Amino acid sequence: MSHPAPAALPDAWRVEVFRSQDRPDPDGEQTLAAALELGLELGLEPIEGLRLGRGYLLPPELSQAAVETIARELLADPVVDTPRITAPGGHPEVPAGVHRVLVAPQPGVMDPVATAVGRALVRDGHLAEYSTGTVATFRAWELTGAVDRAGLETLGRRLLANETIDTLRFDSEDLPYVQPGGSGHRGSVEVPLRALDDDALLALSREGQLSLDLAEMQTVRDHYAALGREPSALELETIAQTWSEHCKHKTLCGLIDFEGERIDNLLRSTIGAATRTIDAPWCLSVFEDNAGIVEFEGDQAVCIKVETHNHPSAIDPFGGAGTGIGGVIRDVLGAGLGAEPIANIDAFFVGPLDLPADEVPKGTMHPRRILRGVVDGVRQYGNCMGIPTVTGGLWHHKGYTANPLVYAGTVGLMPSSMAHKQVAAGDAIVAVGGRTGRDGIHGATFSSIELSEHSETESSHAVQIGDPITEKGVLDTLLRARDAGLYRGITDCGAGGFSSAVGEMGEHCGADVELDRVPLKYPGLSSHEVWISEAQERMVLSVPPEKLEACLAVFAAEDVEAVVIGHFTDTGKLVVRDGDEVVGELDMQFLHKGNPRTVRQAAWVAPDVADPGVPTSTDPQAELLALLAHPNLCSREWIVRQYDHEVQGRSAIKPMVGPAGDGPGDAAVIQPLAESTRGLALAVGANPLQGRLDPWAMAAAGIDEALRNVVSVGADPERAVLLDNFSWGNCNEPDRLGSLVLAARACHDVALAFRAPFVSGKDSLNNEYRVGDRTLSIPPTLLITAMAPVPDLRRAVTMDLKRAGNRLYLVGETAADLGGSHWFDVLGLDGGRVPRPDLERAPAQMRALHGAIAAGRVRACHDLSEGGLAVAAAEMAFAGRCGARVALGSVPLAADLPGAADGDAVALFSESCTRFLVEVEPDHAAGFEQALAGFPCASVGEVTDDGRLELLGRDGATLVDLDVEQLRQAHTGGFRG
Amino acid sequence: MTSQPTALVLRTAGTNCDRETVQALEMAGARTELLHLNALSAEPRRLAAAQILVIPGGFSYGDYVAAGRILGHELRHRLGEEIATFVEGGGFVLGICNGFQVLVELGLIEGPRAEPSQRRMALTANSSNRFESRWVHLRNERSACEWLERGTVWPVPVAHGEGRVALRSAGDLEALTDAGQVALRYVTADGGEAGYPDCPNGSAGQIAGLCDPSGRVLGLMPHPERNITPFHHPFWTRLPERDEGEGLALFRGLVSAAS
Ligand SMILES: [Mg+2]
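The model shown is predicted, which means the values in this text are computed figures rather than measured ones.

### Some points on the nonpolar core
Point 1. Grouped together as the largest cluster of nonpolar side chains are 120 residues, with contacts concentrated most on L624, V918, F928 and L967 of chain A.
Point 2. Residue contributions to this core peak at 11 residues, all from helix α24 (residues 734-754) of chain A.
Point 3. Setting aside its immediate chain neighbours within four residues, L967 of chain A contacts L624, L625, L628, A874, F878, L949 and L962 of chain A.
Point 4. Judged by nonpolar contacts, the second largest core, of 95 residues, contains V54, Y61, L103 and W147 of chain B.

This is the structure in structure tokens:
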């Protein structure tokens, strides 16, 4: 065996900035703690010390004096840092006994820090110009201790780097310092297709990562046969992007055979139908744009969109979540003529945080690492954008271990008059924002297929790192151009890149694009790569010729790149040129309407689980404490406090409420307009334990929960709107699709009953994970988001108990709905009846409760959800630093309780829908009761001043008597990142 | 003589808190101009025409490298002379959160023409190594910032990852205190000494805000502009009806001092 040649050292100045020895190194300390935890789990030799050096590679042509100045003034802090400078080609002076792990973004991976440093060097005159690769960054981790090479590699791979996007070096200094690129072909490449048989068509689809099925490939082949020519690679890619599940929603909009019935477009015939039937006049734009737009107050409207970003987040949690939030912000920027983002929402579904290391599937990260990564990604991007992250959720289930779900949502504010966009022939096509690189090729098609243990290597180019600061520049300038009326159409550049953005905008007219005008991050991209790259932070505008100059000037004034890349036409054709050559010409009609519709089979098979009935609650105190600590219920404060939820000064009801800010609020309320006290409430609802048992009920209960949450803070349910986000398994499997049909039908029925229209949604199918020949599906998961106005902020309420002596009312009926309940989960039971809202009573009951809140009769309100009444009472008590006494005998129970049922257990832990625990001052009791007359509503107890939660059984015996501080500790004692 | 002062609010890529900062200044009685850095660089005399310069919170240039580093560096190169002249001529400067980080990077807390090497303080990663978004209490200290009502304890939110004041040497805390530069400290709700999380970042001496020796340049990590309306307080639903938030007093003091 020969020894490897000595590694080549980068031909660049190297500056490594370490915290000075006498200063704390929080990054080092935090990572050391995580390394020790991981080392313990894996039985590694312990490490003793860990320090982080932030590294920069600078061009070799800089003088030593210049590098010293740059290090002193720009890269290192004179008070707390010590820079270490190494000359080009030199070996850094590493302290003795130290192992070095170097982590650098792979060439071509977005490196916003390098770009920012490069631009600063240009500003200061150190460099004449900057292009990607001129400056590079890396992290130098210096470890001490007995750790061996294998341990070092384990720590590097599991903790310090993500090899999908990072280059890793162990005790080796050969960092990459190159300009990314390649030798992609500019010009047309013909793909012989017409002579291919079925096998060859499928092989082409697979090898080209087109993700088209046989019928689709045949349609394309026949189309070109009729044209009498072969397609170009760019045309084929354009068709694949446009017809991808991600862009086209082929499953939900296709044909489905279910129980002897042919469903033509499930989405349209369920969710869309409900919205059309409700036909709310205040809905300005639904299901036709990037986001749903509804009237808010006066001439102002709000819009909302929630997206999934599951597959990218599985492979790179930080980048995936960051670009997820970045993408949904662009949806809102591109809704109508553009809206100002005023709130973000995030919701995650990940595997159990205590999963033993040996149960983590191959090619998958541990759920803890995934969760930390997605939280970091949302924090970094959302905070940097100056948009408050105000609400969301976090759920755990083993089924998400290999395929986590990451949802990101954004709410925007805009003049109602700007709810619609146009595109006119003759308008310039203007690309605004980030430059185009090879990042994000095939994102749309990647997200449409299942993950596998090879995904991280096969699909690394689908993963991206976001650059929020570029997007912030776009946001600032875009709204100025909008207000000056300088463009008439806009869309975001998301999945499919320019091919989808320009293709969609020009669908009804035509477009002529000149790819050689597109600004690139680095040379070497082929024509079709430029066309389909999903590089982040880009928007596309339709600008009337007479406004072009003024429009471009708005962007130039703030150093935001905006470039004309073509114009819209009236030819009905999408023509793409590169230089003098036409590299693609597609008929818009064929591109958008030519895809064949496949028929999928669906069947619902109820799981074979016996109903365990209603067991007795043998230890209600212990069960309550276990519920408060349950991963789906416990405090999310460690996440919430990392998000800036108050930037913009609009947050009126924060995510955490009560005098100590540790009560889990039901919904956030923002004040969109400074001059008005009309608020806007936002909340989500989901329950991953229910869907397998009863998908209809799961969807119905999710809608009920999201609506309960906004009603609890004072929002008006009659003006509520809903969003659906389905994340399902492989819907080519009839059982998966069958449960999806039932969930979609529930959305129809429940939306109609509440007269709460769905205004937007997004599905993510194929959330399965393949290991060998086994496929694992996620639990069917529907995230429902509700948004509703609070007519007068002064009447908004929070869930923390306010004052001893006030009464507690339970609104709503309690039945033996324990299927999918968290109490069953704590007891290890499966099966049972999943709660369903009473569609006759629930809407009227929520309206009645809203009436009482709007009349100022309510001091605190909390909906009953996970863990039922016991948990709701406990949360209200510790959040308000008050005691509470509740008599279960007064709880309105359903008449149909099974004979032998433990009525106390049902009253304590059932998760029946449409229930609220409400605090009312004695003076308002009569008025409150009057407002709820005709509905199940009973005075069940009172707020006390003894700091204890007392729950009395139906026979009067004390079932629970706990100090609220103990409840709080149970709630907050779990994982904190 | 009092007149309505003009406050110039500077923004650049990553400035996030400009909207609410302008709102606070206007509520406090200032005439307000929101100006992009490029526009001010092109017309620096607009600074000379103002009485107050405000650098709002946000993530200027993404806070890449270190919070406020690149903007501080850029301001020194593009507008260093104009800002120094503005301060020497009696102008007021307020830096909030990222704006404070920029003032420190710019050296303006040390004085209008301090060299980077003279700087005694840094704003560095919170001791929790986390971004901290939470409400705290501040006390206006005996300092050169006489326009802050001395001794008042008031609630205000923080939202930052790099707000820990680190000082060059052990004697600097006393020196800054003696020079009247420690303007604001984190305290408990009843004015006692703050540990984590009342002091959210582990700052030396629980320093939340520092001023220059003249008291006309103030930087603070917390966000007074996020406590100006009746609905900003984190538990206003438990309190009697309010007309405004406690943070407005700081802007009133500033505007009245600059009048
Ligand atoms: Mg709730």
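### Topic: the UniProt feature "binding site: substrate" (unreviewed entry) in chain A
All names here are of chain A.
Point 1. The UniProt record marks R330, Q464 and S764 with the feature "binding site: substrate" (unreviewed entry), using the residue numbering of this structure.
Point 2. Note that R330 resides in helix α12 (residues 317-333).
Point 3. Judged by its relative accessible area of 3%, R330 falls in the buried class.
Point 4. Residues contacting R330, with those up to four places away along its chain left out, are Y381, E471, D492, C493, Q536, E537, R538 and M539.
Point 5. Structurally, the position occupied by S764 is in the loop between β30 (758-761) and β31 (768-771).
Point 6. We classify S764 as buried; its relative accessible area is 9%.
Point 7. When residues no more than four places from it in sequence are discounted, the contact partners of S764 are T308, N310, F726, S727 and W728.
Point 8. Separated by 3.0 Å, the side chains of S764 and N310 make a polar contact.

### Observations regarding the interface of chain A and chain B
Point 1. If you look at the interface, chain A gives 72 residues, while chain B gives 57 residues.
Point 2. Taking both partners together, chain A and chain B bury about 5200 Å²; carbon and sulfur atoms supply 49% of that area.
Point 3. Taken as a group, E73, R123 and R641 of chain A account for 11% of the area that chain A buries against chain B, more than any other trio of residues on that side.
Point 4. Joining chain A to chain B, the criterion identifies 6 salt bridges.
Point 5. Between D77 of chain A and R119 of chain B there is a salt bridge, with the nearest N and O atoms lying 3.3 Å from each other.

### Topic: the sheet that holds strand β10 (residues 207-211) of chain B
Residues and elements named next belong to chain B.
Point 1. Ordered in space as β2-β1-β3-β4-β11-β10-β9-β6-β7, the 9 strands form an open sheet in which the pairing is mixed. Edge strands, defined here as strands with exactly one partner in the open sheet, are β2 (31-36) and β7 (153-160). Pairwise comparison of adjacent strand axes, ignoring direction, gives a mean angle of 25 degrees for this sheet.
Point 2. Pairing between strand β3 (residues 52-55) and strand β4 (residues 92-96): 4 bridges, direction parallel. The partner of V54 across the bridge, within β4, is L94.

### Brief notes about the UniProt feature "domain: FGAR-AT PurM N-terminal-like" (unreviewed entry) in chain A
Point 1. When the UniProt feature table is mapped onto this chain, "domain: FGAR-AT PurM N-terminal-like" (unreviewed entry) is found at residues 636-789 of chain A.
Point 2. End-to-end, the C-alpha atoms of residues 636-789 of chain A are 25 Å apart, and along that stretch the chain is 28% helix and 29% strand.

### Observations regarding empty space enclosed by the protein
All names here are of chain A.
Point 1. Tallied over the full model, the rule gives 9 cavities of 30 Å³ or more.
Point 2. The calculated volume of the largest cavity comes to roughly 710 Å³.
Point 3. G392, G393, R636, P664 and G665 are, among the 38 residues lining the largest cavity, the residues nearest its centre.
Point 4. When contributions to the lining of the largest cavity are tallied by element, the ones reaching two or more residues are β12 (340-350), β13 (389-396), α22 (637-640), β28 (679-685), α23 (695-712), β35 (860-863) and α27 (868-880).
Point 5. For the lining of the largest cavity, the leading source of residues is β13, giving 7 residues.
Point 6. Residue classes in the lining of the largest cavity are distributed as 18 nonpolar, 13 polar and 7 charged.
Point 7. Of the pockets and cavities examined, the second largest cavity occupies roughly 120 Å³.
Point 8. Contributing to the lining of the second largest cavity are 13 residues, with N687, Q690, E705, R708 and E911 lying nearest its centre.
Point 9. Residue composition of the lining of the second largest cavity, grouped by class: 5 nonpolar, 4 polar and 4 charged.

### Notes on the environment of G661 of chain A
All names here are of chain A.
Point 1. One can find G661 in the loop between β25 (656-657) and β26 (663-664).
Point 2. Of the residues examined, G661 reaches a relative accessible area of 11% and is grouped as buried.
Point 3. Once you skip the residues sitting within four places of it in the chain, G661 turns out to touch E637, R641 and M656.

### Points about the sheet that holds β30 of chain A
Residue and element names in this part refer to chain A.
Point 1. Strand order in the open sheet made by the 6 strands is β24-β27-β28-β33-β29-β30, with mixed pairing throughout. Whereas interior strands pair on both sides, the edge strands pair on one side only; in this sheet they are β24 (651-653) and β30. Strand-to-strand, the axes of this sheet are offset by a mean angle of 25 degrees, without reference to chain direction.
Point 2. Of the strands in this sheet, β29 (721-727), β30 and β33 (781-790) are in contact with α24, which crosses β29 at around 175 degrees.

### Some points on helix α17 (residues 497-505) of chain A
Point 1. Of all 9 residues that make up α17 of chain A, 8 are buried, and the element is covered over most of its length.
Point 2. Considered for burial, the residues of α17 of chain A that qualify are G497, F498, S499, S500, A501, V502, G503 and M505 of chain A.

### Details of the packing of aromatic side chains
Point 1. Within the structure shown, the criterion is met by 12 aromatic pairs over all chains.
Point 2. Measuring from centroid to centroid gives 6.3 Å for F59 of chain B and F131 of chain B, while their planes differ by 20 degrees, and the two rings are stacked. Pair noted here: F59 of chain B is in the loop between β3 and α4 (69-88) and F131 of chain B is in the loop between β5 (121-124) and β6 (132-140), with a separation of 72 residues, a long-range link. This pair shows no difference in class: F59 of chain B is buried, exactly as F131 of chain B is.
Point 3. Aromatic ring contacts, followed pair by pair, group F349, W395, Y400 and Y407 of chain A into a single cluster.
Point 4. The aromatic ring of F498 of chain A is capped on one face by R538 of chain A, whose charged end is 4.5 Å from the ring centroid.
Point 5. Here the basic side chain of R678 of chain A rests over the ring of F296 of chain A, its NZ or CZ set 5.6 Å away from the ring centre.

### So, the pairing of strand β18 (residues 511-514) of chain A
The side chains of a regular strand alternate between the sheet's two faces.
Residues and elements named next belong to chain A.
Point 1. With 3 bridges joining them, β18 and strand β20 (residues 562-568) adopt antiparallel strand pairing. Bridge pairing links A511 to F568 in β20.
Point 2. Where β18 meets strand β21 (residues 573-578), 4 bridges bridge the pair, whose relative direction is parallel. Its bridge partner lying in β21, D512 is registered against V575.

### Things to note about the pairing of β2 of chain B
Point 1. Examined bridge by bridge, strand β1 (residues 6-11) of chain B and β2 of chain B share 6 bridges and lie parallel to one another. When the bridges of β2 of chain B are listed, R11 of chain B appears paired with H36 of chain B.

### Here we look at the confidence of the model for chain A
Point 1. The predicted model of chain A averages 92 in pLDDT, with 97% of residues at 70 or higher.
Point 2. pLDDT under 50 marks residues 1-5 of chain A. Its contacts with residues more than four places away, or in other chains, come to 0 contacts.

### Side note on the pattern of salt bridges
If the charged atoms of two oppositely charged side chains come close together, the side chains can form a pair.
All names here are of chain A.
Point 1. Scanning the entire structure with this criterion turns up 82 salt bridges over all chains.
Point 2. Linking D830 and R692 is a salt bridge whose minimum nitrogen-to-oxygen distance equals 2.7 Å. Residue D830 is found in the loop between α25 (822-827) and α26 (842-854), and its partner R692 is found in the loop between β28 and α23; the two are separated by 138 residues along the sequence.
Point 3. Shared partners join several salt bridges into a network, and the residues in it are R14, E16, R84, R100, E142 and E173.

### Description of unusual backbone geometry
Point 1. A cis amide bond links Y196 of chain B to the next residue, P197 of chain B, at an omega of 5 degrees.
Point 2. We note that T914 of chain A has phi near 55 degrees; this positive angle belongs to a residue other than glycine.
Point 3. Among the structural elements, T914 of chain A can be located in the loop between α28 (903-909) and β37 (916-920).

What counts and how
Residues numbered from 1 in each chain as written. Chains lettered and ligands numbered in written order. Predicted model: local features only at pLDDT ≥ 70, side-chain atom pairs only at ≥ 80, totals over all residues. Heavy atoms only, no water. Core = buried A, V, L, I, M, F, W, Y, C linked by side-chain atoms within 4.5 Å. Buried < 20%, exposed > 50% of the residue type's maximum accessible area, 1.4 Å probe, protein only. Helix = DSSP H or I, 4+ residues; strand = E, 2+ residues; numbered from the N terminus. Contact = heavy atoms within 4.5 Å. UniProt positions renumbered as here; feature names shortened; annotations may be inferred. Polar contact = N/O pair within 3.5 Å; in protein donor to acceptor, adjacent residues only side chain to side chain. Buried area = accessible area lost by both parts, 1.4 Å probe. Salt bridge = Lys/Arg side-chain N within 4 Å of Asp/Glu carboxyl O. Pairing = 2+ DSSP bridges. Axes fitted to C-alpha atoms, helices over the stretch in contact; angles between N-to-C directions. 1 Å grid on protein atoms, 1.4 Å probe; cavity = no way out; pocket = protein on both sides within 12 Å on 5 of 7 lines; lining within 4 Å. Points joined across faces, edges and corners; volume = space filled by probe spheres on them. Nonpolar A, V, L, I, M, F, W, Y, C, P; charged D, E, K, R; others polar. Phe/Tyr/Trp six-rings, centres within 6.5 Å; stacked < 30°, edge-to-face > 60°. Lys NZ or Arg CZ within 6 Å of the ring centre and 35° of its normal. pLDDT = per-residue confidence, 0-100.

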